[in-house]
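Chain by chain, the residues:
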Amino acid sequence: MSIAPAVESTEVPKAESEPVIEVCDLYKELGGRMVTNGVTLKVYRGDTMIIMGGSGCGKSTLLRQIIGAIKPTSGSIKIFGEEITGMSETEMGRISRRFGMLFQSGALLQSMTVGENVALPIMEHSEVDEEIAELIVKMKLELVGLTGFEDLKPAEISGGMKKRVALARALALDPELLFSDEPTSGLDPVMTAVVDQLTTDLTRKLGMTAVVVTHDMTSAFRIGTKMIMLGTGLMQGKIIAEGTPQEILKNPDPMLQQFIKGEADGPIPLRLSKGDYLKRLLGTN
Amino acid sequence: MSSYLHLNFSVLYWLVVGPFQKQPVKLRHVFEQIIRIGVEALPMAGLTAFSIGLTLAMQASHELGKLGANIYVPNLVAVSLLRELGPLLIGVIVIGRSGSAVTAELGTMRVSEEIEALGVMDINPVRFLVVPRFLAMLIMLPVLTVFGNYLGMVGGWSICRFALDMNTAGYIMRSVESAQLADLYSGLCKSFVFAWLIITIACHAGLRVEGGAEGVGVATTQSVVHSLLAILIANAVLTSLFFFF
């Protein structure tokens, strides 16, 4: 398995266009720890931004701040050019109708069937007839390879299928911006490729913007046009590397290289706590 | 406490203002909840009310029989059911059966990120989840209470008819004579207030769950305990209002 970027970096300079997401000096404190520590990033239209980092580095927290689910301690977040920190619920609603979010667990409503779950945003936010909504649901389920599963409940399908239904739901209203939290965890290699292909098609051909949190390096290099890595330990919540996939591959940072190659030996500490292991084990320090 | 009041206000807000913002409460969701909260509770509520009517009649005849006043058993059964035991007992049954289920369901939805997902889709959880349950409870608890009152009186009748040799027509006559419409209304007024308390406490507890399966358990216990206390206190307050005014 080789890790190679799928696209050569032939991107047109996008400096003149307005960024879709602009995060500036973002800080978030949770339980006395800085989980997001001075993050600044810009995502332009058509980009696929990959957020990488070890478990507990604050990837999901960063994502949840950007979608407005939790408030940052300080800093600014602009989506579609509008400042969302301190926005009222109604205003935030107007913004959130323009993006889709794929949760790590899928977060499908267990009391509804697969079809009703995908139809939910359509029925709530547009005035289309039920027949049209049914048609859209079929199209979206076809995209993720789940035609014919409309009438099953989420409890009756596998974890990977739930994830794909959740992706279909996130895409139901044809969002301009898609957030995915671990979109490919729990999927088999073929389905991973299908979901990756779908993301690439939507971003490269239709100009959708994607922000993807992932651990899956193959998938990250396949779909990403920009990447950032968040640090753990002393660098908790800080961006330790950013750039295009090529730049990331060439980046000499040993922590980054260990992460993308998935090596057990390296500078990333296995234990977050410091001090003598034996002493700690015996409780004498 | 302030978040509880806030929930009450937002329920009323979505009920009144929602339809004008093109975000009405879907009737289909209300009917689904009517079935789950109300209709499925019918057998249990009926059985409880029947056995209470039965025991009331037996206990009453035990004392009244000594005075040769067994003829007043129907009066006692009818009045105590309509005014007090009907609304209260059905309320307790619904707390145990439906209130706890609502808290556990909403709590589980919160733990599994479903409520957060609704928020991200700009679907207000209060409008989408709480208001249909609220309406269903406000409709179904009084309905269950009326149903319970009838079955309780049937329980009383079965003792009067088969153990005290009273005839059926006589039982009905005495029940209807003794019970005023005001008795029924005061009972229904109580059950309306109980319904409000039960469902808002249950939803509030469910929406605030923190920390996994254990959190859901804690919230469900709390919801049941708080609802029970709330309806017992409300019952005392309402009874004294009706008694003194």
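About the thresholds
- One numbering rule holds for all chains: residues counted from 1, following each sequence as written.
- Following the order in which they are written, the chains are lettered starting with A and the ligands numbered starting with 1.
- Totals for whole chains, interfaces and linings use every residue, but because this is a predicted model, local features are given only for residues with pLDDT of at least 70 and side-chain atom pairs only at 80 or more, for both listing and counting.
- In this description a helix means any DSSP run of H or I spanning at least four residues, a strand means any run of E spanning at least two, and both kinds are numbered starting from the N terminus.
- Computation of the radius of gyration draws on C-alpha atoms alone. For the globule rule, the value is 2.2 Å times the number of residues to the power 0.38.
- Each residue is classed by its C-beta neighbour count within 10 Å, where at least 20 other C-beta atoms makes it buried, 12 or fewer makes it exposed, and intermediate counts make it partly exposed; the C-beta atoms are placed from backbone geometry.
- We call two residues in contact when the distance between their C-beta atoms, placed using the backbone, is within 7 Å.
- Each residue is assigned to one of three groups, with Ala, Val, Leu, Ile, Met, Phe, Trp, Tyr, Cys and Pro labelled nonpolar, Asp, Glu, Lys and Arg labelled charged, and all others, Gly among them, labelled polar.
- One requirement defines pairing of two strands: DSSP has to find at least two bridges between them.
- Axis geometry follows a simple rule: fit a line to the C-alpha atoms, using only the stretch in contact for helices, then measure angles between N-to-C directions, giving values from 0 to 180 degrees.
- Buried Ala, Val, Leu, Ile, Met, Phe, Trp, Tyr and Cys residues whose C-beta atoms connect them within 7 Å together make up a nonpolar core.
- Source of the domain bounds: an automatic or database domain assignment.
- Orient the strands so they point away from the viewer; a crossover is then right-handed if the path from the first strand over the helix to the second runs clockwise.
- Between 65 and 115 degrees an angle is taken as roughly perpendicular, under 35 as roughly parallel, over 145 as roughly antiparallel, and anywhere else as oblique.
- Whether a crossing is left-handed or right-handed is set by the direction in which the near helix is turned from the far one by less than a right angle, anticlockwise for left-handed and clockwise for right-handed.
- Expected span, for any helix, means 1.5 Å times one less than how many residues it has.
- Our arc is simply the arc of the directions from the helix axis toward the C-beta atoms.

Turning to the overall build of chain A, a few remarks are in order. Counting secondary structure elements, chain A contains 10 helices and 10 strands. In terms of overall size, chain A behaves like a compact globule, its C-alpha atoms giving a radius of gyration of 20 Å where 285 residues would be expected to give roughly 19 Å. Seen through its principal axes, chain A has C-alpha atoms that stretch 65 × 45 × 40 Å. In chain A, buried positions account for 38% of the 285 residues. Sequence-distant contacts in chain A: of pairs separated by 6 or more residues, those separated by 24 or more amount to 66%.

Turning to the interface of chain B and chain A, a few remarks are in order. A common measure of how large an interface is: the accessible area buried when the components associate. Taken together, the contact between chain B and chain A spans 10 residues of the former and 14 residues of the latter. The class makeup of the residues in the side of chain B that touches chain A is 4 nonpolar, 2 polar and 4 charged.

Residues and elements named next belong to chain A. Spatial ordering of the open sheet is given by S2-S1-S4-S5, a layout of 4 strands whose pairing is antiparallel. This sheet does not close on itself; its edge strands, each paired only once, are strand S2 (33-43) and strand S5 (82-83). Here 8 bridges tie strand S1 (residues 21-30) to S2, and the two strands are oriented antiparallel to one another. By the bridge assignment for S2, Tyr27 is matched with Asn37.

So, on to the sheet that holds strand S9 (residues 226-230) of chain A. Strand pairing in a sheet takes place through backbone hydrogen bonds and is either antiparallel or parallel in direction. Residue and element names in this part refer to chain A. The 6 strands lie next to each other as S6-S7-S8-S3-S9-S10, forming an open sheet whose pairing is mixed. At either margin of the open sheet sits one strand with a lone partner, and together these are strand S6 (99-102) and strand S10 (239-243). Ignoring which end each strand starts from, the neighbouring axes of this sheet average 10 degrees apart. Direction of pairing for strand S3 (residues 48-53) relative to strand S8 (residues 209-213): parallel, over a ladder of 4 bridges. By the bridge assignment for S8, Ile51 is matched with Val213. Against the sheet, helix H5 (residues 159-170) touches S6 and strand S7 (177-181), its axis set at about 170 degrees to S6.

Attention now goes to the nonpolar core. Ranked by internal contacts, the top residues of the largest apolar core, which has 131 residues, are A:Ile51, A:Val211, B:Val77, B:Met137 and B:Ile198. No other element matches the 16 residues that helix H6 (residues 125-162) of chain B contributes to this core. Looking at which domains feed residues into this core, each of domain 1 (1-98 + 187-193 + 201-285) and domain 2 (105-174) of chain A gives three or more.

Residue and element names in this part refer to chain A. In this model, Asp25 sits at a positive phi of 50 degrees, which is unusual for a non-glycine residue. Residue position: Asp25 is located in strand S1. Positive phi values are uncommon outside glycine, yet Asp174 reaches one of about 45 degrees. Within the secondary structure layout, Asp174 lies in the loop between H5 and S7. When the 12 C-beta atoms within 10 Å are taken as the criterion, Asp174 is described as exposed.

Residues and elements named next belong to chain A. Burial runs high along S7: 5 of the 5 residues are buried. Alternating residues of S7 divide into Leu177, Phe179 and Asp181 and Leu178 and Ser180, and every residue in both groups is buried. By the bridge criterion, 4 bridges tie S6 to S7 in an arrangement that is parallel. Note that in S7 the partner of Gly100 across the bridge is Leu178. Viewed along the sheet, the connection from S7 through helix H6 (residues 189-206) into S8 turns out right-handed.

Before going further, it helps to examine the domain arrangement of chain A. Residue and element names in this part refer to chain A. Domain annotation of chain A identifies domain 1 (1-98 + 187-193 + 201-285) and domain 2 (105-174). Each of domain 1 and domain 2 has a C-alpha centre, and the two are 27 Å apart. Taken together, the contacts link 4 residues of domain 1 with 4 residues of domain 2. Classifying every residue of the side of domain 1 that touches domain 2 by side-chain character gives 2 nonpolar, no polar and 2 charged.

Turning next to the packing of helix H2 (residues 27-38) of chain B against H6(B). All names here are of chain B. Contact geometry of H2 with H6 gives a least axis separation of 8 Å together with a crossing angle of 45 degrees. One finds that H2 runs oblique with respect to H6. Where H2 crosses over H6, the handedness of that crossing is right-handed. Contacts between H2 and H6 involve His29, Val30, Gln33, Ile34, Ile37 and Gly38 from the former and Pro132, Arg133, Leu135, Ala136, Met137, Ile139, Met140, Val143 and Leu144 from the latter. Here the residues of the contact of H2 with H6 sort into 11 nonpolar, 3 polar and 1 charged.

This brings us to the packing of helix H1 (residues 2-16) of chain B against helix H8 (residues 181-207) of chain B. Residues and elements named next belong to chain B. One can describe the packing of H1 onto H8 by two numbers: an axis separation of 10 Å at closest approach and a directional angle of 115 degrees. Relative to H8, the crossing made by H1 is right-handed. Note on element contacts: H8 touches H1 through Thr200, Cys203 and His204, opposite Tyr4, Leu7 and Asn8. For the contact of H1 with H8, the residue count by class is 3 nonpolar, 3 polar and no charged.

Below, the discussion takes up H2(B). Residue and element names in this part refer to chain B. The first and last C-alpha atoms of H2 sit 15 Å apart over 12 residues, in line with the 16 Å expected at 1.5 Å per residue. Along H2, the residues that are buried comprise Gln33, Ile37 and Gly38. Along H2, the residues classed as buried sweep out an arc of 95 degrees about the axis, all on the same side. In this structure, H2 carries Arg28 and Ile35 as exposed residues pointing more than 90 degrees from its buried face. Lining the buried residues of H2 we find helix H4 (73-111) and H6.

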